[in-house]
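# Coordinate inspection notes
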Amino acid sequence: MSTMTIACGLLCTQQQTPEKPAPILTADQAALQRANQRIKTLEDEVEALRKPSQTQTKAKPKRPAKQPTQTYEVTAYTNGAESTGKSAGDPEYGVTASGARTKTGHTIACPPSMAFGTRLNIEGIGVRTCEDRGGAITEGHIDLYVTGVSEARAFGRQRLKAEIITK
């Protein structure tokens, strides 16, 4: 046998494998297949949204929203009996409702709606911290701590704007 005959014999005896026809799907199976493809697409979209984009990572940090300014009735108080009912020998003299000691230029008494530690920037006064309460301190009223009775009387009762700067 010649080389040609052997090659032809090999080629001629090889049979092509028939392709399997695609399975025939029922309408329900086809709908399920489309739904699964849509679910995969949506999962990919959700994953893409979870990853920060280049523009989001380079964006400037947002500033906290500025708190609105509110007008308060502002009065002044001292550690003395005329304001607190406590005398200098009382162990609670000079101690605020929060447990801190009163400090000039720092302490204010606020209504119960303001948490201790809330800082306010009071017009013409400056920044003060809510550390005390008082029986007469209701919503819209702030009591400013001062050292002397004459200073408290001179301050009187004023309507001032204040902005909450931290809560």
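Residues numbered from 1 in each chain as written. Predicted model: local features only at pLDDT ≥ 70, side-chain atom pairs only at ≥ 80, totals over all residues. Heavy atoms only, no water.

### Points about the overall build of the chain
A tally of regular secondary structure across the chain gives 5 helices and 6 strands. Residues classed as buried in the chain amount to 24% of the 167 residues present. For the chain, long-range pairs separated by at least 24 residues make up 64% of all intrachain contacts whose partners lie at least 6 apart in sequence. Here the chain displays about 12,500 Å² of accessible surface, and carbon together with sulfur accounts for 55% of that area. (Helix = DSSP H or I, 4+ residues; strand = E, 2+ residues; numbered from the N terminus. Buried < 20%, exposed > 50% of the residue type's maximum accessible area, 1.4 Å probe, protein only. Contact = heavy atoms within 4.5 Å. Areas by Shrake-Rupley, 256 points an atom, 1.4 Å probe, with all protein chains shown as cover.)

### Regarding the side chain of His141
Tracing the chain through its elements places His141 in strand S5 (residues 141–145). Look at His141 and you get buried, because its relative accessible area is 10%. Residues within four places of His141 in sequence aside, it is in contact with Tyr72, Glu73, Thr75, Ala109, Cys110, Pro111 and Ala136.

### Describing the sheet that holds strand S1 (residues 69–77)
On the basis of which strands lie adjacent, the closed barrel formed by 6 strands has the order S1-S5-S2-S4-S3-S6 and mixed pairing. Shown here is a sheet whose adjacent strand axes are inclined to one another by a mean of 50°, direction ignored. Relative to S5, S1 is paired through 5 bridges, and the arrangement is parallel. Across the sheet, residue Val74 finds its bridge partner in S5, namely Ile142. (Pairing = 2+ DSSP bridges. Axes fitted to C-alpha atoms, helices over the stretch in contact; angles between N-to-C directions.)

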